[in-house]
Amino acid sequence: MNVVKESKNVKAEQRIPVKTNLTWYEVSVAIHLVGLRHTESLRKGMQDKHGYKGRDMQDNLYGMLGEIAFAKITNKYFPMTVNTFKEADIGINWQVRTVGSNKNRDLIIRPTDPVKHKYVLVEIEKDNKDYTATVHGWIEGSNGKHPQYLSNFGYPDRPKAYRIPKEALRSPSWIPI
């Protein structure tokens, strides 16, 4: 799927999410890489960050599927990296933020995340047999780190992060990659 360029005067209500279905072999790659990332974290004795106490394997699978879907939609190479953390997920400056495995549906940027990166929100949904990825939009790191987005998500014991709603994101019909 090609991503088309958007006119600068497109209104927010004209924003249409971009979708793709993930094939069984794309899901298989994701499962293998999540296993590798997880066992590497165990081997190195790494702890979850930011007060996280979630479902790590499922959350990591959805995150990996989001990365694969964004690479597929933008026709960019998916690097299949392990332990690269703050480096870009796709290309030289794209961070993929995936939702679908928990209640949050907003894009999250942490205070320590690079300002020079762009952040894209991908939602993963699973029906009886397929995974579908929806790209809702994106934002530059410098625009996402504004005080009005700072939130603890209702968990006062966890560090605050920037919670950017879908309505504040740029249209996925134009992605400068």
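Residues numbered from 1 in each chain as written. Predicted model: local features only at pLDDT ≥ 70, side-chain atom pairs only at ≥ 80, totals over all residues. Heavy atoms only, no water.

1. Quick notes on unusual backbone geometry
- Positive phi, normally seen in glycine, also occurs at N75, with a value near 60°.
- Take N75: it is sitting in the loop between α2 (56-74) and β2 (94-99).
- Residue class for N75 comes out exposed when judged on its relative accessible area of 64%.
- Backbone geometry at F153 places phi at a positive 60°, although glycine is not the residue there.
- Mapped onto the fold, F153 is located in the loop between β6 (150-151) and β7 (161-164). (Helix = DSSP H or I, 4+ residues; strand = E, 2+ residues; numbered from the N terminus. Buried < 20%, exposed > 50% of the residue type's maximum accessible area, 1.4 Å probe, protein only.)

2. As for the nonpolar core
- Within the largest apolar cluster, 27 residues are counted, with the highest numbers of intra-cluster contacts made by L22, L65, F70, V120, V122, I124 and Y131.
- Contributing elements (two or more residues each) for this core: β1 (18-22), α1 (24-43), α2, β2, β4 (118-126) and β5 (131-140).
- The dominant element in this core, judged by the number of residues it contributes, is α2, at nine residues.
- Those residues in contact with V122 that lie beyond four places of it in its chain are G66, F70, V96, R97, T98, V99, A133, T134 and V135. (Core = buried A, V, L, I, M, F, W, Y, C linked by side-chain atoms within 4.5 Å. Contact = heavy atoms within 4.5 Å.)

3. Some words on the sheet that holds β7
- Overall, antiparallel pairing links the three strands, which are arranged β3-β7-β6 in an open sheet. The sheet is open, and its two borders are formed by β3 (107-109) and β6, each paired with just one other strand.
- Across two bridges, the pairing between β6 and β7 is antiparallel. Bridging from a neighbouring strand, S151 pairs with A161 of β7. (Pairing = 2+ DSSP bridges.)

4. Here's the deal with the packing of α1 against α2
- Where α1 meets α2, the axes come as close as 9 Å, and the angle between the chain directions of the two elements is 130°. Between α1 and α2, the angle is such that the two are oblique. Once α1 is placed against α2, the crossing between them reads as right-handed. Contacts between α1 and α2 involve E26, V27, V29, A30, I31, L33, V34, R37 and H38 from the former and D56, M57, N60, L61, M64, L65, E67, I68 and K72 from the latter. (Axes fitted to C-alpha atoms, helices over the stretch in contact; angles between N-to-C directions. Parallel < 35°, antiparallel > 145°, perpendicular 65-115°, else oblique. Left-handed = near helix turned anticlockwise from the far one by under 90°.)

5. Remarks on the sheet that holds β2
- Taken in spatial order, the four strands make up an open sheet running β1-β5-β4-β2, and their pairing is mixed. Every other strand in the sheet has two partners, leaving β1 and β2 as the edge strands with one partner each. For this sheet, the mean angle separating the axes of adjacent strands, direction not counted, is 30°.

6. A few points about the pairing of β2
- In terms of burial, β2 is largely enclosed, as five of its six residues are buried.
- Pairing of β2 with β4, which is carried by six bridges, proceeds in the parallel orientation. Along β4, the bridge assignment pairs V99 with E123.

7. Considerations on α2
- A rise of 1.5 Å per residue sets the reference length of α2, with its 19 residues, at 27 Å; its end C-alpha atoms lie 27 Å apart and thus fit the reference within 8%.
- Among the 19 residues that make up α2, 14 are buried, leaving the element largely enclosed by the rest of the structure.
- Positioned one or two residues after α2, N75 has a phi angle of 60°, which is positive. (Expected span 1.5 Å × (residues − 1).)

8. Focus: the confidence of the model for the protein
- The predicted model of the protein averages 85 in pLDDT, with 86% of residues at 70 or higher.
- Considering only residues more than four positions removed or in separate chains, one finds that residues 1-13, a stretch of pLDDT under 50, has 16 contacts. (pLDDT = per-residue confidence, 0-100.)

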